[in-house]
Amino acid sequence: MAPPGMERGLKSVVWQKIKTLVFDDCKKEGEWKILILDEFTTKLLSSCCKMTDLLAEGITVVENIYKNREPVRQMKAIYFISPSATTIDCFLCDFPSKSENKYKAAYMYFTDFCDNSLFNKIKAAASKSIRRFKEINISFIPLESQVYSLDVPDSFYYCYSPHSASPNVRDTKLEALAKQIVTVCATLDENPGVRYKSKPLDNASKLAQLVESNLESYYKTDERGIVKGKTHSQLIIIDRGFDPVSTVLHELTFQAMAYDLLPIENDTYKYKTDGKEKEAVLEEDDELWVRIRHRHIADVLEEIPKLMKQISSERKATEGKTSLTALAQLMKKMPHFRKQITKQVVHLNLAEDCMSKFKANIEKLCKTEQDLALGTDAEGQKVKDSMRVLLPVLLNKNHDNYDKIRAILLYIFSINGTTEENLDKLIQNVKIEDESDMIRNWIYLGVPIVPPSQQGKTARKDRSSEGIFQLSRWTPFIKDILEDAIDNRLDSKEWPYCSQCPAVWNGSGAVSARQKPRANYIEDRKNGSKLIIFVIGGITYSEMRCAYEVSQTHKSCEVIIGSTHILTPKKLLDDIKMLNKPKNEISS
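Residues numbered from 1 in each chain as written. Predicted model: local features only at pLDDT ≥ 70, side-chain atom pairs only at ≥ 80, totals over all residues. Heavy atoms only, no water.

## Here we look at the overall build of the protein
Then step 1. Counting its regular elements, the protein contains 22 helices and 13 strands.
Then step 2. Relative to its full complement of 588 residues, the protein shows a buried share of 54%.
Then step 3. Restricting the contact set of the protein to residue pairs at least 6 apart, pairs at least 24 apart contribute 77%.
Then step 4. Summing over all exposed atoms, the protein offers an accessible surface of approximately 28,200 Å²; the carbon and sulfur share of this is 49%. (Helix = DSSP H or I, 4+ residues; strand = E, 2+ residues; numbered from the N terminus. Buried < 20%, exposed > 50% of the residue type's maximum accessible area, 1.4 Å probe, protein only. Contact = heavy atoms within 4.5 Å. Areas by Shrake-Rupley, 256 points an atom, 1.4 Å probe, with all protein chains shown as cover.)

Written out as structure tokens, the structure reads:
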């Protein structure tokens with residue numbers, strides 16, 4: 001669990017629900033149990049608790065349901081798993097007969113609804129061994145205090161590939177997503193008004209209808225069909241093509257920049273210090289990471305000398321200018337302070353690694369990208385010839401194909417689509433024939449590529465007065481959407497409700513009128529409204545940042561943002577490249 005007083009939002013809510021519905025439900029004083037998990041529930045628990053939390057709940061060991069395990073017949077086991085044919089078969093293998101059962105008894109908890117056929121299969125084969133059988137309705141991962149993921153990256157293919165366009169395939173995937181989204185709402189104890197972006201695709205419309213139908217079923221309280229009333233919250237569902245620019249632009253805020261430029265996998269950053277290879281997990285338990293992850297890299301670099309000066313002055317061990325090398329020596333000489341200093345060293349290395357990549361190639365790209373994305377230069381002058389802006393990038397041999405493709409896409413987005421002849425010339429001149437589907441396949445997301453679209457581009461808010469950096473002038477579309485939703489300015493034709501609208505939803509009327517100190521806004525918000533966002537096909541780190549920024553400026557409304565998975569530009573381009581290929585030709 002998070003240290004006392006440390007607010008982790010969604011993570012804390014999820015852990016408390018699991019603690020109450022699973023561990024408290026089967027706890028017996030002085031009795032230790034074994035916990036059996038599948039891949040999804042392993043990720044789920046890892047996201048919201050530590051092994052020390054599980055020990056406090058009487059768990060002595062955690063096992064993987066798919067692996068061979070030694071019988072421990074004197075102990076009871078908690079099975080916290082997803083309800084699938086595979087996990088049920090694995091469970092039944094653990095309880096073949098009374099004399100051969102691996103454990104003394106089983107407590108079964110499913111992440112969401114268990115199909116009747118699976119339930120009957122368990123009941124027929126192992127009912128005498130089961131002490132509990134419950135569905136807890138948490139089928140998502142709380143990645144951050146205001147961010148969730150359904151952890152289904154393959155849904156990008158099924159929702160957008162023309163090879164999965166048959167109603168059965170796509171509708172089945174959307175139905176599964178709807179059930180997962182309902183568990184997000186249920187965990188937050190919300191029955192939100194559901195609305196969606198109406199064009200250009202119908203995925204959002206279909207999914208919104210399915211979510212509304214599932215919410216109605218979930219909140220039925222008795223046989224008369226009385227439904228829990230709508231709460232002061234909105235759920236907005238959007239197709240990924242709503243903002244293609246933010247998915248390919250080089251972002252210069254710390255978290256987004258690091259995940260784009262560095263090989264960070266599973267939130268694990270590998271670095272060298274004092275000549276040794278080390279690893280660090282970028283997580284919200286690290287208060288420094290939470291403090292600086294959404295800051296611009298220029299601000300982070302400004303803070304680095306302050307951090308180092310603070311460390312050296314506190315330890316009274318160094319004088320004058322401090323460097324990473326000197327800091328490493330300080331750690332070696334003073335083992336007592338190692339743990340305290342480690343976090344700062346991680347972020348100093350992370351920032352330096354980002355800047356080395358930035359200085360090498362990215363800095364030159366950023367001005368071009370910003371000019372293309374906004375259609376104006378840093379002085380506010382309109383870009384008259386987008387091709388002239390693009391060409392220096394394409395001619396620069398230091399840029400790899402991914403960066404050139406990202407620039408070409410920004411050029412095409414800026415002119416709202418191009419001609420086949422022009423696109424062919426670009427692809428041939430840059431010699432990216434093998435990667436051309438990374439560009440062409442955006443059409444499946446409803447983004448104009450070829451031919452040019454006749455529809456005008458969406459007008460953007462003027463943010464020139466917000467004191468932004470010249471190389472970071474672009475603001476993700478999601479920020480406009482969040483602010484307009486909270487201020488009740490979304491066009492109901494473009495953003496229709498598929499359910500009743502919560503009573504005069506403007507994101508500000510639900511909070512107590514009593515004035516509280518600003519520092520208590522998190523407590524205050526518990527009685528306020530929530531704006532829940534779901535993007536079909538992935539969200540970017542810059543869009544995650546916007547959720548926090550809007551929550552800070554609109555204290556009475558908490559924004560919770562989520563998707564099928566989290567995107568980085570390279571992974572997205574790889575996924576888009578595969579959209580026009582049959583699923584059996586794609587290597588997993």
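## Concerning helix α1 (residues 10-26)
Then step 1. Its 17 residues give α1 an end-to-end C-alpha distance of 24 Å, which sits within 8% of 24 Å, the value for a rise of 1.5 Å per residue.
Then step 2. The sharpest bend along α1 reaches about 35° and sits at Lys19.
Then step 3. Along α1, the residues classified as buried are Leu10, Lys11, Ser12, Val14, Trp15, Lys17, Ile18, Val22, Phe23, Asp25 and Cys26. (Expected span 1.5 Å × (residues − 1). Bend = angle between axes of the 7 residues up to and from the residue.)

## Quick notes on the packing of helix α10 (residues 254-261) against helix α21 (residues 541-553)
Then step 1. Closest axis-to-axis distance for the α10/α21 pair is 8 Å, and the angle between their directions is 165°. The angle between α10 and α21 falls in the class roughly antiparallel. In terms of crossing hand, the pair formed by α10 and α21 is right-handed. On the side of α10, the interface is formed by Gln255, Ala256 and Tyr259, while α21 contributes Tyr541, Ser542 and Met544.
Then step 2. Its residues placed into classes, the contact of α10 with α21 shows 4 nonpolar, 2 polar and no charged. (Axes fitted to C-alpha atoms, helices over the stretch in contact; angles between N-to-C directions. Parallel < 35°, antiparallel > 145°, perpendicular 65-115°, else oblique. Left-handed = near helix turned anticlockwise from the far one by under 90°. Nonpolar A, V, L, I, M, F, W, Y, C, P; charged D, E, K, R; others polar.)

## Digging into the pairing of strand β3 (residues 76-81)
Then step 1. The element β3 is extensively covered by neighbouring structure, given that 6 of its 6 residues are classed as buried.
Then step 2. Along β3, one buried face is formed by Lys76, Ile78 and Phe80 and the opposite face, lined by Ala77, Tyr79 and Ile81, is buried too.
Then step 3. In the sheet, strand β1 (residues 33-37) pairs with β3 via 5 bridges, with the strands oriented parallel. Note that in β3 the partner of Lys33 across the bridge is Lys76. (Pairing = 2+ DSSP bridges.)

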